[in-house]
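The residues making up each chain are set out below.
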Amino acid sequence: MPFHHRPLQDYRVQPQLALSILVALADRMAAGFERKARDSEQEAAWRDSGPARERFRRTPIEAMTTNIRLGERGARRGHHLPQELTPDAILPAAEVRGEDVEKGYSALWDGFKTAWNEAARRCAADPVAFEEAVLSLSERFLWSVPSSTVDQPDVSLHDHSHAVAAFASALFRFHQSRRKLSDPSALADREVPAFRFVVGDLSGLQSTLFRLQSEGVKGLNKTLRGRSLRFQLIADACVRETLRAFDMPMSAALQTAGGRFLVLVPNLDEADKILKGMRARFDSWFVDQYSGDLALGLALSDPFVCDDLVSGPSDDSTGAERIGKVRGGIGVAAEIAKLQLLAGQAAHGVVDATFSAEGACGTCGVRPAGKEGLCAACAGEAALGDRLPRSRAVVISDRGGLGEMSAKLLSHDYLLPSGEGETRHDRGTGWRWMLDPAPHRPAPLRPGPAWVARFGDDIGPYADLEDVEAGHIKTFQALARDSREIVNGKPIGREMLALLKGDVDRLGRIFAGGLSDRWSVARSAALSRMMDAYFTLRLPHLLRTDFPDSYTVYAGGDDFMLVLPWRQGFELARTLRRDFERFAGGNPDLTFSLGIALFDPRTPISIPAREAENRLEAAKSAGRNRVSALEDTPLTWEAFSEALDRAETLNRWLREGRLSTAFLYRVLAIDDARRRVAAGHARPSDYAWMARLGYQIARNLKKRDDAPIRTGILELFGLDERWQGEALDQVGARLAISHAIYRNR
């Protein structure tokens, strides 16, 4: 079998097969270095050390997350066993045995063959659908297979092959536009500027998500669910429109996550004109649908050549400089995209809108209402939110034919089939949800769907609430009720919700320099894909199995927003931090920060969303890798976990009758005084906080067996036996005390 690292044919013998030159060039560009020299070096080493076949069959892929380096510390390298992509599989293992790797490859190959045959059957004679199916198969089965055991084996065969396909397609389209496909010398020219990147970024997602007329919007959870999905489908439609405009296949979409995308395109003479036309069409559609709330930023990078991404052994510094220029060009394009949002009236802050007698939309309260009192966007979101719980697939067509229940997004129709027997499963392209796949076409699987809690058969505990029906999505009022506990046969605890907003720390810096001098398009795409997989595959799995009473507002890319019963929300935060640390392989350079806002279910969700956003920013400003909740000062994750443990102890003492909530309220007031002293804006009486604390302890905890409680209360304030009279900067007391009080109201 010929190596894909060099042309498969000698074009001097078979000129019509010279296109294999493009594949060889694309392979080198995807890898980011000149393969031939490194292959020769390694082959010579293998001759000295043992059979090459034994070597590569026992070499596992290195976990990309453990290879990130922002400083000197780093982490021990982890690995993935060869296995199909699942929520558990993306967690790296510290130790992997060679024989297990070999067995894994064998099982993986058997699974791949079965899935390949199924995809071929599903796609029949549709090459577009088949390409998307192959990309999905590649991700599912080849994500854990290293593309090379010669070099550092941290890029998967899927990510490398995906990038190769993108570069080869762009080269083909570029030379086709110049009528040079039959010219071997033109095909082999590595210094012709053949490539550009298109960077896309949906802007205004969060503000649009919470654009609500009032807190009384009926079916709020369904509305948010539909909006989040519609944003995801809009981003998908934008990618497809971009690919079609440049006549490129789906493999040219190198990164698509969190409303952002990176598409490789050929450097056509008319590239800027094409982009200008796209931007005008997009702007018109977004203004019509969202009146300036939501927009797509779109920009082209500067052209670059093959050798800009290929660094040979003799020119490492020059090669690194050229690669850095391309990488920097992507960043510049991303910033330009943000600055070129909308046009015409919208760019000047004015959007023409004609209001009928229906007035403004009953959901967003901004755009003109149409049928049933909703604007076009809100009506589409409501329809998606209604169908999503019953659907296990998304079907897409750019030729129509999906029926009146489909949603028109730009020039593509999107349908969420409901029910196993719908024949429309077997039309068009699209995907099935990986965590709950439909048995019909489309063939591709994608991570998801986002998890939301549903009512079970027993709806008795919610009988006095509105919109309660078995099998339907739980309302926020019902989720708040799930925060109560049954103690001595009676429900106790405050009915309240927690909104969690988090994202990965220093992600821009990680992509810019966290891969050190080993940056390549494939390696960057691999890191982006794995990060997105954590929030779209691993997180929904955690919620489904361990925190089923939860609602995903959005999750993907590098961030998430969740709503849970407040008590479960705190425990999820702790669990999520531990789980993400496992995903990172203990890498101290890969962390996330979190903001938590508590709120009554009747409160407009935009209010806790803003608080959680502010708390998240405070956590990052305080040093990152932190969580902000209830306290004025963000906590380290260790302090947060310790505060929850102390809250559990206080709760136990309350329920044993050894403490009263009235006592804890007084202690909480003393902590307020302590915090004002520490912040430098105390009242005169605040300076006596320590004496007041001593008085309360002496008055209320007199018994001999109260000694552990006395010690516990003092430890909340850092006044244990280790205190030597120094200034106190204790955090976590307010969280622990408030948590215990809320559980016993």
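Residues numbered from 1 in each chain as written. Predicted model: local features only at pLDDT ≥ 70, side-chain atom pairs only at ≥ 80, totals over all residues. Heavy atoms only, no water.

**Student:** Describe in detail the overall build of the chain, supporting the description with residues and values.
**Tutor:** Within the chain, the secondary structure is distributed over 23 helices and 19 strands. A buried classification covers 54% of the 745 residues belonging to the chain. For the chain, the proportion of contacts with a sequence separation of at least 24, taken over those separated by at least 6, is 68%. Accessible surface for the chain amounts to roughly 32,600 Å². Of this, 50% is attributable to carbon and sulfur atoms. (Helix = DSSP H or I, 4+ residues; strand = E, 2+ residues; numbered from the N terminus. Buried < 20%, exposed > 50% of the residue type's maximum accessible area, 1.4 Å probe, protein only. Contact = heavy atoms within 4.5 Å. Areas by Shrake-Rupley, 256 points an atom, 1.4 Å probe, with all protein chains shown as cover.)

**Student:** Which residues make up the state of the cysteines, and what are the values?
**Tutor:** A full pass over the atoms with the stated rule returns zero disulfides. You can see Cys378 has no disulfide; the closest cysteine sulfur is in Cys375, sitting 3.5 Å from it. (Disulfide = S-S within 2.5 Å.)

**Student:** Outline the pairing of strand β5 (residues 260-266), supporting the account with residue identities and numerical values.
**Tutor:** In terms of burial, β5 is a largely internal element, six of the seven residues being buried. Strand direction decides the pairing type here: strand β3 (residues 195-203) and β5, joined by seven bridges, are antiparallel. Pairing of Asp201 across the sheet is with Arg260, part of β5. Counted between consecutive antiparallel strands, the loop separating strand β4 (residues 253-257) from β5 contains two residues, among which Gly258 sits at a positive phi close to 60°. (Pairing = 2+ DSSP bridges.)

**Student:** Give me the sheet that holds strand β7 (residues 393-397): which residues, what numbers.
**Tutor:** Pairing within the open sheet is mixed, and its five strands lie in the order β8-β9-β7-β10-β11. If you trace the sheet from one side to the other, it starts and ends with β8 (407-409) and β11 (445-446), each paired once. In terms of strand pairing, β7 meets strand β10 (residues 429-433) through four bridges, oriented antiparallel. Following the sheet pairing, Val394 is matched in β10 by Trp431. Here helix α5 (residues 127-142) sits on the sheet in contact with β10 and β11, set at roughly 30° to β10. (Axes fitted to C-alpha atoms, helices over the stretch in contact; angles between N-to-C directions.)

**Student:** Pulling in residues and values, what's your account of helix α1 (residues 20-31)?
**Tutor:** A rise of 1.5 Å per residue sets the reference length of α1, with its twelve residues, at 16 Å; its end C-alpha atoms lie 17 Å apart and thus fit the reference within 8%. Counted residue by residue, α1 has eleven buried out of twelve residues, so it is predominantly covered. Of the residues making up α1, those classed as buried are Ser20, Ile21, Leu22, Ala24, Leu25, Ala26, Asp27, Arg28, Met29, Ala30 and Ala31. Once α1 finishes, Gly32 follows within two positions and takes phi at roughly 85°, a positive value. (Expected span 1.5 Å × (residues − 1).)

**Student:** Give a detailed account of the pairing of β10, specifying residues and quantitative values.
**Tutor:** Note on strand geometry: in a regular strand, side chains alternate between the two faces of the sheet. Taken across its five residues, β10 has five buried, putting it largely inside the fold. Here β10 shows two buried faces, one formed by Thr429, Trp431 and Trp433 and the other by Gly430 and Arg432. With two bridges joining them, β10 and β11 adopt parallel strand pairing. Residue pairing for β11: Trp433 is matched across the bridge by Arg446.

Remember, this is a structural readout, not a statement about activity or role.
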